[in-house]
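# Survey of secondary and tertiary structure
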Amino acid sequence: MKLSTLLSKLFPPLHGWPLIGALVGVLVLCVFLFFALHALPPRARKMVIAGATFLAGLFFALEWFWPAGADGTNPLTFAVPTVGNVANVLTAFTLGLGVMSLIRIHGNNVARQKAGWENSVVLLAGMVVMAVSGLFFEKTIFFRSLFRDVLNSFDAAMFATLAFYIISAAYRAFRIKSVEATLMMIAALVVMLGMIPIGQALTSFIPERGSFLSLLRVDNISNWMLTILNAAAQRAINFGLGVGALAIALRVWLSLERGAYFESSAE
Amino acid sequence: MDHASNSWPTAFIVILWSLIIIGAVRMAQAGRRFYIRRIAGLNAIDEAVGRATEMGRPILMVPGIGDIGVIVMQALSIFSYIAKTAAQFGNRILLPTGGGTGPAIYTVADEVMRESYAAAGRPEAYDPDSVMFISDRQFAFAAGVSGMIYREKVAASFLFGEFYAEALIFAEAGQMVGAIQVAGTTQTTQIPFLIASCDYTIIGDEYYAASAYISREPTLLGSLAGQDIAKAIIWLLVFVGAIGVTYYSATGGQAAMKAFFLNQWLTPH
């Protein structure tokens, strides 16, 4: 019998009172586990956490290494979306904590009339208005206007400020004060010239291909810099990042770094 | 879905690298000492915290807007070290979180900061309001953090994590208030902007080396040594592949190049 079929028989879909009963039962179990974990001594608690971490990672490692059939799945593939949903549910729980943090900090600002408390009033009012309109007036023009005409406009305004920030950053970056800055300036100039019509027109008299002189066309040099030099450097960086990510994932999965930096010492 | 059976040589390489990294960690834990080259950006962390102490202005730490995962955990490990130093000097810290999993990062960051202050022997100095959730939307988060930078006039700004377009907004806001800025990200598209705007930038796998560099813990140093051995294997494969492809394409044409064993071995089927 397939694992998915067995689990479907053990945990069939529930509706109505059986569903409510199951939810209450799970809640009671979670509360019990919460207090049980708190009652454990720290060393045992760390072992439980390390064990849970290992089992969680083991599922994904097994699912990847288990050979897949012709349909591209193995006996564990069916559970991947469900396990992913568990992570989403946990993240959704933490959203409540995030909202509480916002209300606590800005409510405190308003209550104590700290500097800028008026902005906190606007934030809290905006949060309430968006939440209420989204919950009760989602299909109305009111909510759509708030989202499309207010929120999206503010997003676009912040994105637009990037244009000015890029100019100021580029001015500082392209000041020629070292060999590296000079090289970067020349490379940037060539790449930019190769992408704009006026730059391409500078060397348009040179044949595009079929001649050794084609190498001197601005657009060819620009393309070479981007696809050969730049791509090679990016791939080299990505190799290092990939290996680094694997190392950290292994350390977390096998709890090798316990006591390394989040705690003062391993017990 | 992708599985190891799509490319067994890739799975073999992953297992090989994992064994190398675990082996190096075990060697380090047994007492073997490994060398790390100097990384200017990480040396500057202490300088930045010291400057913030002298100026009496807060320290800003931003873990990016990525999903909670290895990148954010690495950022929080760096911030843990900064927080310990800040706690010893009595500096104020600001740690705004945001993005899709911002609330989850907020809860983890709060715990990490609390433990850092406790490890520095100053648990009573920790201000719970120093870690806050701003927004799950990218530019709302950018607006909140840049406003914080301008209002608080932070003296030191640490941008470590997964950043997108908002990276330049943070970095330029820090430049405007005269903050010393150290940034590190895995997003290669944002590295040029951070290099242009920040005083020090950690590039590529220096980001993952940061925790080993700062703490000098044997486990982390061993992991770093294992990563370097794995990268040496990649270098060897790239070198052999480049020689082979160049030779076969010069002598045997496309068919010979496709038949070149590395091409066959490593390309997914």
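Residues numbered from 1 in each chain as written. Chains lettered and ligands numbered in written order. Predicted model: local features only at pLDDT ≥ 70, side-chain atom pairs only at ≥ 80, totals over all residues.

### What to know about the overall build of chain B
Rules: Note on conventions: DSSP H or I runs of at least 4 residues are helices, E runs of at least 2 residues are strands, and numbering of each starts at the N terminus. With C-beta atoms placed from the backbone, a residue is buried if 20 or more other C-beta atoms are within 10 Å of its own, exposed if 12 or fewer are, and partly exposed between those counts.
In terms of regular secondary structure, chain B is built from 11 helices and six strands. Taken along the three principal axes of its C-alpha coordinates, chain B extends 70 × 45 × 35 Å. The burial tally for chain B puts 50% of its 269 residues in the buried class.

### Overview of the overall build of chain A
Rule in force here: Radius of gyration means the value over C-alpha atoms here, while the globule rule gives 2.2 Å times the residue count to the 0.38 power.
Counting its regular elements, chain A contains nine helices and zero strands. Counting from the amino terminus, helix and strand elements in chain A follow one another as α-α-α-α-α-α-α-α-α. Its C-alpha atoms give chain A a radius of gyration of 29 Å, clearly above 18 Å, the size a compact globule of 267 residues would have. In terms of its C-alpha atoms, chain A occupies a principal-axis envelope of roughly 80 × 60 × 50 Å. Among the 267 residues that make up chain A, the fraction classed as buried is 10%.

### A look at the domain arrangement of chain A
All names here are of chain A. Rules: For the domain bounds, the source is a domain assignment made automatically or taken from a database. Following the grouping adopted for this structure description, the nonpolar residues are Ala, Val, Leu, Ile, Met, Phe, Trp, Tyr, Cys and Pro, the charged ones are Asp, Glu, Lys and Arg, and the polar ones are all others, Gly among them.
Structurally, chain A comprises domain 1 (41-75) and domain 2 (179-267). On a C-alpha basis, the centroid separation for the pair domain 1 and domain 2 is 35 Å. Looking at the side of domain 1 that touches domain 2, its residues break down into three nonpolar, two polar and two charged.

### Re the interface of chain B and chain A
As a reminder, the rule being used: By the convention adopted here, residues make contact when the C-beta atoms placed from their backbones lie within 7 Å.
Chain B puts 57 residues into the contact, and the matching count from chain A is 52 residues. Residue composition of the side of chain B that touches chain A, grouped by class: 30 nonpolar, 19 polar and eight charged.

### Observations concerning the sheet that holds strand 2 (residues 93-98) of chain B
All names here are of chain B. Quick reminder of the rule: Only strands joined by at least two bridges in the DSSP assignment are considered to pair. Axis geometry follows a simple rule: fit a line to the C-alpha atoms, using only the stretch in contact for helices, then measure angles between N-to-C directions, giving values from 0 to 180 degrees.
One open sheet holds the six strands; their spatial order is 3-2-1-4-5-6, and the pairing between them is parallel. In this open sheet, the two strands that pair with only one neighbour each are strand 3 (131-135) and strand 6 (200-202). Recorded for the sheet is a direction-independent mean angle of 15° between the axes of neighbouring strands. Here strand 1 (residues 59-64) runs beside strand 2; their pairing, made up of two bridges, is parallel. Looking at the pairing, Ile59 lines up with Ile93 of strand 2. Against the sheet, helix 5 (residues 138-152) contacts strand 1, strand 2, strand 3 and strand 4 (156-162), and its axis sits at roughly 130° relative to strand 3.

### Describing the domain arrangement of chain B
Residues and elements named next belong to chain B. Here chain B is described as being made up of domain 1 (40-216) and domain 2 (218-269). On the domain 2 side, the residues contacting the six residues of domain 1 number five residues. Of the residues assigned to the side of domain 1 that touches domain 2, the class counts are two nonpolar, two polar and two charged.

### Here's the deal with the environment of B:Pro58
Residues and elements named next belong to chain B. If you trace the backbone, Pro58 turns up in the loop between helix 2 (40-55) and strand 1. Residue Pro58 is classed as buried on the basis of its C-beta count, with 22 C-beta atoms lying within 10 Å. As a C-alpha pair, Pro58 and Arg92 span 34 residues in sequence and 4.7 Å in three-dimensional space. If we ignore the near neighbours within four places in the chain, the residues touching Pro58 are Ala52, Asn91, Arg92, Ile93, Leu94, Glu152 and Val154.

### Looking at the confidence of the model for chain B
Residues shown with low pLDDT carry predicted positions that ought not to be read at fine detail. Residues and elements named next belong to chain B. The following threshold applies: Values of pLDDT, the confidence the predictor places in each residue, fall between 0 and 100.
In this model, chain B carries an average pLDDT of 89, and 93% of its residues clear a pLDDT of 70 or more. Taking the mean pLDDT of every element in chain B, the minimum, 66, falls on helix 11 (residues 261-266) and the maximum, 96, on strand 1. For this predicted complex, the interface score ipTM comes out at 0.84, while the overall pTM is 0.85.

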